[in-house]
Amino acid sequence: NAGVTQTPKFRVLKTGQSMTLLCAQDMNHEYMYWYRQDPGMGLRLIHYSVGEGTTAKGEVPDGYNVSRLKKQNFLLGLESAAPSQTSVYFCASSQTGTADEQFFGPGTRLTVL
Amino acid sequence: DAKTTQPNSMESNEEEPVHLPCNHSTISGTDYIHWYRQLPSQGPEYVIHGLTSNVNNRMASLAIAEDRKSSTLILHRATLRDAAVYYCILRDDSNYQLIWGAGTKLIIKP
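The numbers attached to residues start from 1 for each chain and follow its sequence in the written order. To label them, take the chains in the order written and letter them from A, then take the ligands in the order written and number them from 1. Reporting in this predicted model follows two pLDDT cut-offs: at least 70 for local features of residues, and 80 or more for side-chain atom pairs to be given and counted; totals over whole chains, interfaces and linings ignore these cut-offs and use all residues. By convention in this description, side-chain values take in all heavy atoms of the structure and omit both hydrogens and water.

Participant: Tell me about the sheet that holds strand S8 (residues 84-92) of chain B, and please be specific about residues and values.
Facilitator: The strands that make up a sheet are held in pairs by hydrogen bonds between backbone atoms, and each pair lies either parallel or antiparallel. Residues and elements named next belong to chain B. Strands are labelled as partners when DSSP assigns at least two bridges between them. Put simply, DSSP H or I for four residues or longer makes a helix, DSSP E for two residues or longer makes a strand, and each gets a number counted from the N terminus. Strands sit in the order S1-S9-S8-S3-S4 across an open sheet of five strands; the sheet is mixed. Whereas interior strands pair on both sides, the edge strands pair on one side only; in this sheet they are strand S1 (9-13) and strand S4 (45-50). Neighbour to neighbour, the strand axes of the sheet diverge by 25° on average, direction disregarded. Both S1 and strand S9 (residues 104-109) contribute to a ladder of five bridges, which runs parallel. Its bridge partner lying in S9, Asn-13 is registered against Lys-109. To obtain each axis, a line is fitted to C-alpha atoms, and for helices this fit is confined to the stretch in contact; angles are then taken between N-to-C directions over 0 to 180 degrees.

Written as structure tokens, this is what we have:
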């Protein structure tokens, strides 16, 4: 099993450009999450999904959109990138949304100039 | 959301036990205590979690105070591969969000 994979690993954008980050999991998990991590800080939840076709806002959703058209994939979109969105983005998945563990991908390092 | 307080960093010698403390004085009755760790340039990795009773698994032990206002993650025999940032997180059983603090950077000296 590959677990949770993320593409791309690195990306540099100019202000105003758009992009989509792809997260895929092969564990048949129902729940998926997108986090961002700024230097020296813990992770902050951007959006999450409790199942195929559903999404919900997390702690810091502004400037991002998500879609979960297939159970195994969770896409994070930036419509008009801003320098404040420079960060490392992590995707995670879990079987349930309660006390069980979340499995994380390796991260995408995004720089917005 | 209830918050946690952890020391910024700790040092330990290789092959010795490590006790990582966490204070969570505003914990509610339905909050689970989760620990994750993050090795350099990697995604976080689950370590252990518990509600009221002490918990053990192959990676670590979690000791929870009787009043649940604090907990301690115990690595029984630290190795250089255990050098990471360790996060103590509270999670409401009805809430999908993990609220992360800055964590404790664990430095292992050979």
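Participant: With reference to specific residues and values, describe the interface of chain B and chain A.
Facilitator: Between chain B and chain A, the contact holds 20 residues from the first and 23 residues from the second. Salt bridge, as used here, is a side-chain nitrogen of Lys or Arg placed within 4 Å of a carboxyl oxygen of Asp or Glu. In this assembly, chain B and chain A are joined by zero salt bridges. Contacts described as polar in this section are N or O atom pairs within 3.5 Å, which, within protein, must combine one atom able to donate a hydrogen with one able to accept it, while residues neighboring in sequence count only if both atoms come from side chains. Where chain B meets chain A, there are four residue pairs in polar contact (both at pLDDT 80 or more). Of all the secondary-structure elements, those providing two or more residues to the side of chain B that touches chain A are strand S3 (31-38), S4 and S8 of chain B. Ranked by residues supplied to the side of chain B that touches chain A, first place goes to S3 of chain B with four residues. A contact between two residues is defined here by any heavy atoms of the two lying within 4.5 Å.

Participant: Go over the packing of aromatic side chains, please, and point to the residues and values.
Facilitator: Ring geometry is summarised as follows: Phe, Tyr and Trp rings, the Trp one being its six-membered ring, pair when their centres sit within 6.5 Å, and such pairs are stacked at plane angles under 30 degrees, edge-to-face over 60 and tilted between the two. Scanning the entire structure with this criterion turns up nine aromatic pairs over all chains. With a centroid separation of 5.9 Å and 85° between ring planes, the pair formed by Phe-104 of chain A and Tyr-36 of chain B is classed as edge-to-face. You can see Phe-104 of chain A sitting in strand S10 (residues 103-104) and its partner Tyr-36 of chain B sitting in strand S3, one on each of two chains. Of the two residues examined, Phe-104 of chain A and Tyr-36 of chain B, each falls in the buried class. Taking 5.9 Å as the distance between ring centres and 90° as the angle between the ring planes, the aromatic pair formed by Phe-104 of chain A and Trp-100 of chain B counts as edge-to-face. With Phe-104 of chain A in strand S10 and Trp-100 of chain B in the loop between S8 and S9, the pair connects residues from two separate chains. Note on accessibility: Phe-104 of chain A and Trp-100 of chain B belong to one class, buried. Here a set of aromatic residues connected by ring pairs shows up, and it is made of Tyr-33, Tyr-35 and Phe-104 of chain A together with Tyr-36, Tyr-46, Tyr-87 and Trp-100 of chain B. Burial classification: accessible surface area is computed with a 1.4 Å probe over protein chains only, and a residue below 20% of its type maximum counts as buried, one above 50% as exposed, and the rest as partly exposed.

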